[in-house]
Amino acid sequence: MRTQVAIIGGGPSGLLLGQLLHQRGIATVTLERKTKAYVLGRIRAGVLEAGLVDQLRAAGVGDRLDAEGFVHDGTVISYGDTQIRVDFAKHTNASVTVYGQTEVTRDLYAAREAMQAEMVFNVQNVQINGADSEAPSVSYMVDGQEHRIACDYVVGCDGFHGISRKTIPDAIRREYEKIYPFGWLGILSETPPVHEELIYASSEAGFALCSMRNENLSRYYIQCALDDSPDRWTDDAFWAALRERIPQEYAARLVTGPSIEKSVVPLRSFVSEPMRWGRLFLCGDAAHIVPPTGAKGLNTAASDVHYLSQGLIQLYDTGETQGIDTYSQKALARVWKAERFSWWMTSLLHHFPGQTDFDLRMQQAEVDFLQSNTHAQAVLAQNYVGLPY
Ligand code: RFL
Ligand code: PHB
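*Asks:* Break down the packing of helix α1 (residues 12–23) against helix α6 (residues 101–114) for me, with residues and values.
*Replies:* Contact geometry of α1 with α6 gives a least axis separation of 10 Å together with a crossing angle of 35°. The two elements α1 and α6 cross, and the hand of that crossing is left-handed. Two secondary-structure elements touch here, α1 through Pro12, Leu15, Leu16, Gly18, Gln19 and His22 and α6 through Gln101, Thr105, Leu108, Tyr109, Ala111 and Arg112. Across the contact of α1 with α6, the residue classes break down as 6 nonpolar, 5 polar and 1 charged.

Structure, rendered in structure tokens:
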């Protein structure tokens with residue numbers, strides 16, 4: 001088989017990239033290790049920057065998002081007894097849209113299928129060959145049969161545990177990592193959200209986040225131990241911990257119910273440089289991870305897809321390589337700013353084991369400054385709604 005761009009990974013990065021290229025007549029094949037149902041079963045991001053929303057509209061998948069997504073003009077940051085509402089609209093003229101990653105992925109799969117995109121599921125043993133040559137290829141197994149795709153370029157959209165990043169030789173690849181000493185326990189419940197905007201809350205007992213998917217579907221998270229397991233938490237214990245961590249006025253009106261999903265995520269900051277090696281490009285979680293505080297993971301994947309799709313379209317339209325040649329540099333410049341913001345929000349709002357009184361005072365001073373300084377609020381708002389591409 002032959003194609004122009006072989007895409008490894010059928011998560012949001014791979015699907016969006018495939019769709020944007022295919023619309024411009026560039027042939028792609030997408031290889032996904034799992035089934036479509038499995039990919040759609042993963043509960044992940046919920047907050048979309050305007051840049052991602054625009055890209056989804058350009059990719060022809062904006063209709064349901066526009067009809068069902070919720071536009072948020074601000075968020076609440078709470079620290080002990082202090083509450084700050086950060087007004088995105090006032091400081092940036094922009095907003096974010098609450099619409100689940102699951103729905104984004106579902107819409108993208110429908111669009112890829114409508115275009116009769118070539119997608120292969122349940123692939124195993126994917127290997128990238130000759131990425132630093134003029135004639136790369138990707139080999140893989142399905143049902144015990146070996147297959148090979150010859151292509152012009154390979155794009156690794158295969159997430160943090162994928163194989164693409166590791167194809168770049170150790171001597172060329174540089175990795176930067178910070179592992180936080182806690183995780184997030186998240187639940188989904190068919191209950192009305194406690195507030196119309198997201199609440200990021202820090203208390204002596206630790207961090208909590210109140211988020212949502214729609215009027216009757218809430219997503220809540222609490223900081224937990226790194227080695228915690230969802231089985232150790234009954235729903236009642238979760239609700240009690242959440243109530244303890246959010247401001248009283250919200251705790252008093254929290255509607256609880258059975259959880260329909262419960263999972264633990266570790267918190268990590270990670271960047272792998274460069275994001276291109278020869279004819280291999282990396283996009284999204286394959287190249288970088290942020291802790292979820294700040295909602296930057298999916299959005300940063302989307303800005304990678306923007307730069308790379310523009311570069312490849314320019315190349316196939318005009319033969320000009322400037323876009324793909326500057327891809328890694330442009331993508332990383334924005335990635336590092338998202339890393340900084342997510343690290344900052346994580347450091348500000350979590351309880352760190354072994355935290356000293358000095359560390360606590362630093363958090364308090366930062367919160368005081370944020371509360372009293374509109375420029376500081378504007379900086380938070382600009383980063384939260386998304387830096388320009
Ligand atoms: P994904 O979604 O991990 O998809 C990669 C796909 O590649 C497949 N794969 C392979 N396929 C073929 N061969 C192989 N060898 C393969 N290895 C892996 C996988 O099966 C998978 O389908 O990466 P992608 O597309 O780059 O998308 C990244 C986002 O999923 C991620 O950044 C966000 O979910 C992060 N994130 C959030 N981001 C936001 O922007 N806003 C949020 O509000 C937000 N909340 C979150 C989050 C992530 C979370 N978790 C679970 C980590 C909340 C949580 C709880
Ligand atoms: C979510 O709704 O899942 C969500 C929202 C905001 C975050 C992280 C996760 O910062």
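Okay, back to it.
*Asks:* Any details on the pattern of salt bridges? Residues and values, ideally.
*Replies:* Pairs can form between side chains of opposite charge once their charged atoms are near each other. Summed over all chains, the structure comprises 23 salt bridges. With a shortest N-O distance of 3.4 Å, Glu103 and Arg106 are connected by a salt bridge. Taken as a pair, Glu103 and Arg106 lie in helix α6 at a separation of 3 residues, close to a single helical turn. When its relative accessible area of 23% is taken as the criterion, Glu103 is described as partly exposed.

*Asks:* Break down the nonpolar core for me, citing the residues and quoting the values.
*Replies:* In this structure, Leu16, Leu17, Leu48, Leu56, Val155, Leu308 and Tyr327 are the most contacted members of the largest nonpolar core, which totals 63 residues. At 8 residues, the largest contribution of residues to this core is made by helix α10 (residues 297–318). Ignoring any residue separated from it by four or fewer positions in sequence, one finds Leu16 in contact with Leu52, Gln55, Leu56, Ala59, Leu108 and Val305. With 32 residues, the next largest nonpolar core counts Ile84, Trp184, Phe207 and Trp344 among its residues.

*Asks:* Tell me about the site of ligand 1, and please be specific about residues and values.
*Replies:* Near ligand 1 lie 32 residues; those nearest to it are Glu32, Arg42, Gln101, Asp285 and Leu298. Contact distances for ligand 1 include 2.6 Å between an oxygen atom and a side-chain N or O atom of Glu32. Backbone polar atom of Gly297 to an oxygen atom of ligand 1: 3.2 Å apart, as the coordinates give it. If ligand 1 stood free it would expose 1,000 Å²; the protein chains cover 90% of that surface. Elements with a contribution of two residues or more to the shell around ligand 1: α1 and α10. Top contributing element to the shell around ligand 1 by residue count: α10, with 3 residues. Grouping the constituent residues of the shell around ligand 1 by class yields 14 nonpolar, 10 polar and 8 charged.

*Asks:* Account for the state of the cysteines, naming residues and giving values.
*Replies:* Under the definition given, this model contains 0 disulfides. In this structure Cys151 is a free cysteine whose sulfur lies 13 Å from that of Cys157, the closest cysteine sulfur available.

*Asks:* Can you explain the domain arrangement of the protein chain? Please cite residues and give values.
*Replies:* Domain boundaries in the protein chain define domain 1 (5–70 + 97–177 + 268–346) and domain 2 (180–267 + 351–385). Distance between the C-alpha centres of domain 1 and domain 2: 29 Å. Facing the 25 residues of domain 1 at the interface are 22 residues of domain 2. Between domain 1 and domain 2, roughly 1,900 Å² of surface is buried when both sides are summed, and carbon and sulfur atoms account for 67% of that area. The tally of links from domain 1 across to domain 2 stands at 0 salt bridges. Between the two partners, domain 1 and domain 2, sit 5 residue pairs in polar contact (both at pLDDT 80 or more). Within the residue set of the side of domain 1 that touches domain 2, elements represented by two or more residues are β17 (259–273) and α12 (327–349). Sort the elements by how many residues they give to the side of domain 1 that touches domain 2 and α12 lands first, with 7 residues.

*Asks:* Give a detailed account of helix α3 (residues 50–58), specifying residues and quantitative values.
*Replies:* Every α-helical turn comprises 3.6 residues, leaving residues that sit three or four positions apart pointing alike. Every buried residue of α3 is listed here: Leu52, Val53, Gln55 and Leu56. What you see down the axis of α3 is that its buried residues fit within an arc of 160°, all on one side. On its buried face, α3 sits against α1, β3 (47–48), α4 (63–68), β7 (96–98), α6 and α10. Phi turns positive one or two residues past the end of α3, at Gly60, with a value near 80°.

What counts as what
Residues numbered from 1 in each chain as written. Chains lettered and ligands numbered in written order. Predicted model: local features only at pLDDT ≥ 70, side-chain atom pairs only at ≥ 80, totals over all residues. Heavy atoms only, no water. Axes fitted to C-alpha atoms, helices over the stretch in contact; angles between N-to-C directions. Helix = DSSP H or I, 4+ residues; strand = E, 2+ residues; numbered from the N terminus. Left-handed = near helix turned anticlockwise from the far one by under 90°. Contact = heavy atoms within 4.5 Å. Nonpolar A, V, L, I, M, F, W, Y, C, P; charged D, E, K, R; others polar. Salt bridge = Lys/Arg side-chain N within 4 Å of Asp/Glu carboxyl O. Buried < 20%, exposed > 50% of the residue type's maximum accessible area, 1.4 Å probe, protein only. Core = buried A, V, L, I, M, F, W, Y, C linked by side-chain atoms within 4.5 Å. Near = heavy atom within 4 Å. Polar contact = N/O pair within 3.5 Å; in protein donor to acceptor, adjacent residues only side chain to side chain. Areas by Shrake-Rupley, 256 points an atom, 1.4 Å probe, with all protein chains shown as cover. Disulfide = S-S within 2.5 Å. Domains from an automatic or database assignment. Buried area = accessible area lost by both parts, 1.4 Å probe. Arc of directions from axis to C-beta.

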